[in-house]
Number of protein chains: 2
Amino acid sequence: MNNSVYVIGYGITKFGEHFELNPSSLVTQALTDSISSAKIEKKEIKSVFLGSFVSSTNSQTSVSSSCFRDCNLSVPITRIEAGNASGAGAFHQAYIGVKSGFYDCVAVIGVEKFSDFVKSSTIEKILGTTIDYHWEFEMGATLTSLYAILTQAHMREFDTTFEQLASVPVKNHKNGILNEYAQFRREISMERFLNAKRISEPIGRFDPATLCDGAAAVILASSDFIQKHSEVGKQTEVLSSSQASDSIALHHRQELTSLSATKSAAKQAYDIAGISSSDIDVAEVHDSYPIGEILAIEDLGFFEKGEGGKVTLDGRTNLNAEISINTSGGLKSRGDPFGATGIAQIIEIVQQLNREADKRQVKDAKYGLTQNVLGTGAASYVNILSRKEEKK
Amino acid sequence: MNNSVYVIGYGITKFGEHFELNPSSLVTQALTDSISSAKIEKKEIKSVFLGSFVSSTNSQTSVSSSCFRDCNLSVPITRIEAGNASGAGAFHQAYIGVKSGFYDCVAVIGVEKFSDFVKSSTIEKILGTTIDYHWEFEMGATLTSLYAILTQAHMREFDTTFEQLASVPVKNHKNGILNEYAQFRREISMERFLNAKRISEPIGRFDPATLCDGAAAVILASSDFIQKHSEVGKQTEVLSSSQASDSIALHHRQELTSLSATKSAAKQAYDIAGISSSDIDVAEVHDSYPIGEILAIEDLGFFEKGEGGKVTLDGRTNLNAEISINTSGGLKSRGDPFGATGIAQIIEIVQQLNREADKRQVKDAKYGLTQNVLGTGAASYVNILSRKEEKK
């Protein structure tokens, strides 16, 4: 259990609508790029972990096999599904595989192709599986209406305002302009959010992140592997990878103003990494709805409970402000291909820590964090990464 | 990596049609029984691995969360999907988790509820994801027609006969009578198989295993955990757990008369366990079609290539013959709820090694093996277990 784990390469497709590509082609593109980026030979990869949400309807079992066919990787391939957090789920298992010494080098891929689903009722039903299917979805609740409840609770409890909520996607769209992989590279004004038609009070039509297509891959390797392979360039250490669960149904939760799965996963992740929330310079968090980012920056310990909306509106989470949150544009501007999202978060942090983030570079970033959430918080994954030389 | 891994408890529902139960209820039943059987407290379980094939359409994401809700297990829950082999896929990740010292005690659950799907076209499409969806399924091939090709190749190459093929399910139905969890506890005569209508030449209508409902769970623990918990009764050691891949499409395979994924996984499993195929006393193999068992007993090294049909007809794989194959009744008589099948195989071997198999007990069984296959062999999982005192 004493192996250190490093991200040594990555590959990502543009997020958006890829009508011309099937999920396998997206996987092949991201995976091939990640291997080149790691400067290793394909045969060094001992296992593949694939995170993907939607299974049968667009043949994802075949997708994992396409790693074998199209990328010629004749190794064990494991598919993990964890709803919106499928990418983080795959990353976590891959991390355990390398950390434990079971494998010295593995690939982790996340992929989704939502544009294969043409009927919105199909999408509704699929998303219904990320909440309590029987007691929430079949009773008429949706992912959006449940996030509306979480938003209302925060507004009621902490006087969080519409402006504060809107400041989350306003910031993230501003960041996303600088990210070439993002789906929506344009600003959206505060007014536009505030004046938008409400789809589930207080959530407006521009608030949710968009389900889209895309793939992202990273290569993980152990310290032993890196010592033996001097060709490896990038080396971003994964200090910890944690996962925690909570009741899937809101009506079973102790409270609605924080996600206990995030708090548990974060506590464990900080403990193992040996750092605290104040050490984090840059974080990618699950902003599928504005309240998601507000809850995240509070539950991860960056700000006091109840302060999330205020600090965002005050610009304290802007690029190169107090802490840089969702420099990639987040799920909101980058787009949200579920399985790929958790891996894209990792890639953003790796780029930041490697000083490869170009115009969205966080100055002197030493420690980065990712947080990926399943449904309304049935599970949460937290990963902490550091520049190699910064290990405490 | 020096932890030994033990199965310390198990629970299983009857396999068949459970119209009155949802997947979560099936999971709860098997999981609760497995915890009681292990004689441990629920709080000892540090993580849950859930194997299940069919996702969105019957809300399996919610199912994994139901472990939290209905069983009150507030621990990381990971869902693995590997088609027909989803149970073995979950078992393998759980094994790595314990073997590596990451967790000292975990639960592994497999579940499926095929009776939720009423349209046979839906089932066809779902099964199509276990083969090459674009180049096989969408071109008109089905899982059955591809197994028909594998069967024809074996008949052509080794003069395997209809009688030899039929002897597989004849034997397995005979064994299944003795298994209280099996779906079909009755004999089917050789004549009935031989005279059955052909659904895809040479496969007859009674040949395929039946998709059904069910759940199965086992508790895995490390040697350290067992030392600290004297209350633990059952202790069946998992000597090795291996996984290998192959091209998903038959037209990319090197040969059609063996499954290379099974051969690779078996080689690795024997090497790690430090035993050979001749040491195995009892094995549960993937007999979803008769040719599946014939290929398995050859590829696992129990018999020479080409001999599988002959030795089965000769009774050499009967209960308490040379090697006892599918004493549980196999997928054919027990029924095949994909995610649950791989775990049910483990439970059968544990019962055999613990001398709990009642009338189907294999005398003096010391080493047991399971083999679970995805699709036509895109992946294969092999696990080797031993009675505690038999470790070489």
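Residues numbered from 1 in each chain as written. Chains lettered and ligands numbered in written order. Predicted model: local features only at pLDDT ≥ 70, side-chain atom pairs only at ≥ 80, totals over all residues. Heavy atoms only, no water.

Across its full length, chain A carries 13 helices and 12 strands. For 392 residues, the compact-globule estimate of 2.2 N^0.38 gives 21 Å, and chain A sits close to it at 19 Å. Buried positions account for 69% of the 392 residues belonging to chain A. Split by element, the accessible area of chain A, about 12700 Å² in all, is 46% carbon and sulfur. Side-chain charges of chain A comprise 39 positive and 47 negative groups, with the mean position of each set lying 3 Å from the other. (Helix = DSSP H or I, 4+ residues; strand = E, 2+ residues; numbered from the N terminus. Rg over C-alpha atoms; globule rule 2.2 N^0.38 Å. Buried < 20%, exposed > 50% of the residue type's maximum accessible area, 1.4 Å probe, protein only. Areas by Shrake-Rupley, 256 points an atom, 1.4 Å probe, with all protein chains shown as cover. Lys, Arg positive; Asp, Glu negative; His and termini not counted. Charge placed at Lys NZ, Arg CZ, Asp CG, Glu CD.)

Together, Arg186(A), Arg192(A), Lys197(A) and Arg205(A) make up a positively charged patch on the protein surface. Mapped onto the elements of the fold, Lys197(A) is located in the loop between helix H7 (190-195) and strand S5 (198-200). (Patch = residues over 30% accessible without salt bridge, like charges linked within 9 Å, V, L, I, M, F, W, Y side chains within 5 Å. Salt bridge = Lys/Arg side-chain N within 4 Å of Asp/Glu carboxyl O.)

Residue and element names in this part refer to chain A. Remark: helix H5 (residues 143-158) packs on helix H10 (residues 290-299), axes separated minimally by 10 Å, with the N-to-C direction vectors making an angle of 55 degrees. Considering the angle they form, H5 stands oblique to H10. H5 and H10 meet at a crossing whose hand is left-handed. Judged by residue contacts, Tyr-147, Leu-150, Thr-151 and His-154 of H5 engage Ile-291, Ile-294, Leu-295 and Glu-298 from H10. When grouped by side-chain class, the residues that make up the contact of H5 with H10 number 5 nonpolar, 2 polar and 1 charged. (Axes fitted to C-alpha atoms, helices over the stretch in contact; angles between N-to-C directions. Parallel < 35°, antiparallel > 145°, perpendicular 65-115°, else oblique. Left-handed = near helix turned anticlockwise from the far one by under 90°. Contact = heavy atoms within 4.5 Å. Nonpolar A, V, L, I, M, F, W, Y, C, P; charged D, E, K, R; others polar.)

Time to look at the confidence of the model for chain A. Looking at chain A as a whole, its pLDDT mean stands at 93, while 96% of the residues score no less than 70. For this predicted complex, the interface confidence comes out at an ipTM of 0.93, alongside a pTM of 0.95. (pLDDT = per-residue confidence, 0-100.)

Each partner contributes to the interface: chain A provides 49 residues, whereas chain B provides 49 residues. Taken over both partners, the interface formed by chain A and chain B buries close to 4200 Å², and the fraction arising from carbon and sulfur atoms is 56%. Along the contact surface separating chain A from chain B lie 2 salt bridges. Of the charged contacts in the structure, one is a salt bridge between Glu81(A) and Arg79(B), with a shortest N-O distance of 2.9 Å. Inspection of the chain A/chain B interface yields 10 residue pairs in polar contact (both at pLDDT 80 or more). Listing elements by their share of the side of chain A that touches chain B, those giving two or more residues are helix H2 (60-71), strand S3 (77-81), helix H3 (86-99), helix H4 (120-128) and strand S8 (236-245) of chain A. Residues that form the side of chain A that touches chain B fall into these classes: 20 nonpolar, 22 polar and 7 charged. Where S3(A) lies against strand S3 (residues 77-81) of chain B, 3 bridges are found, and the strand directions are antiparallel. From the neighbouring strand, Arg79(A) faces S3(B), where its bridge partner is Glu81(B). (Buried area = accessible area lost by both parts, 1.4 Å probe. Polar contact = N/O pair within 3.5 Å; in protein donor to acceptor, adjacent residues only side chain to side chain. Pairing = 2+ DSSP bridges.)

Right, let's get into the packing of helix H6 (residues 162-176) of chain A against H10(A). All names here are of chain A. Here H6 crosses H10 at 95 degrees, and the two axes come no closer than 8 Å. Judged by the inter-axis angle, H6 sits roughly perpendicular to H10. Here Gln-164, Leu-165, Val-168, Pro-169, Lys-171 and Asn-172 of H6 lie close against H10, whose contacting residues are Pro-290, Ile-291, Glu-293 and Ile-294. The residue inventory of the contact of H6 with H10, partitioned by class, reads 6 nonpolar, 2 polar and 2 charged.

In this section: the nonpolar core. Counting 66 residues, the largest nonpolar core has Val108(A), Val218(A), Leu220(A), Val108(B), Val218(B) and Leu220(B) as the members making the most contacts within it. Excluding residues within four positions of it along the chain, Val218(B) makes contact with Val7(B), Gly9(B), Tyr10(B), Ser34(B), Phe91(B), Val106(B), Ala107(B), Val108(B), Ile343(B), Ile346(B) and Ile347(B). (Core = buried A, V, L, I, M, F, W, Y, C linked by side-chain atoms within 4.5 Å.)

All names here are of chain B. Scanning all chains against the criterion turns up 34 salt bridges over all chains. The salt bridge involving Glu-348 is made with Arg-360; its shortest N-O contact spans 2.7 Å. Separated by 12 residues along the polypeptide, Glu-348 in helix H13 (residues 338-353) and Arg-360 in the loop between H13 and strand S11 (367-374) bring together distant segments of the chain. Arg-360 gets classed as buried once you look at its relative accessible area, which sits at 5%.

Least-squares fitting of chain A to chain B yields an RMSD of 0.0 Å, with the transformation described by 0.0 Å of translation along the axis and a rotation of 180 degrees. Each copy turns onto its partner about a two-fold axis. When the interface residues of chain A are mapped onto chain B, 100% of them again lie at the interface, so the same face is used by both copies. (Least-squares fit on C-alpha atoms with pLDDT ≥ 70 in both.)

Turning our eyes to something else, we now look at H13(B). Residues and elements named next belong to chain B. The end-to-end C-alpha distance of H13, which contains 16 residues, comes to 24 Å, matching closely the 22 Å that a straight helix rising 1.5 Å per residue would cover. Burial within H13 is extensive, with 16 of its 16 residues counted as buried. Taken from the residues just after H13, Arg-355 is the one with a positive phi, measuring 60 degrees. (Expected span 1.5 Å × (residues − 1).)

Let us look at the pairing of strand S12 (residues 379-387) of chain A. The side chains of a regular strand alternate between the sheet's two faces. All names here are of chain A. With 9 of 9 residues buried, S12 lies mostly within the body of the structure. Of the two faces of S12, the one carrying Ala-379, Tyr-381, Asn-383, Leu-385 and Arg-387 and the one carrying Ser-380, Val-382, Ile-384 and Ser-386 are both buried. The pairing of strand S11 (residues 367-374) with S12 spans 8 bridges and is antiparallel. Looking across to S12, one finds that Tyr-367 is bridged to Ser-386. Here S11 folds back onto S12 in antiparallel fashion, the turn holding 4 residues, of which Gly-375 has a positive phi close to 60 degrees.

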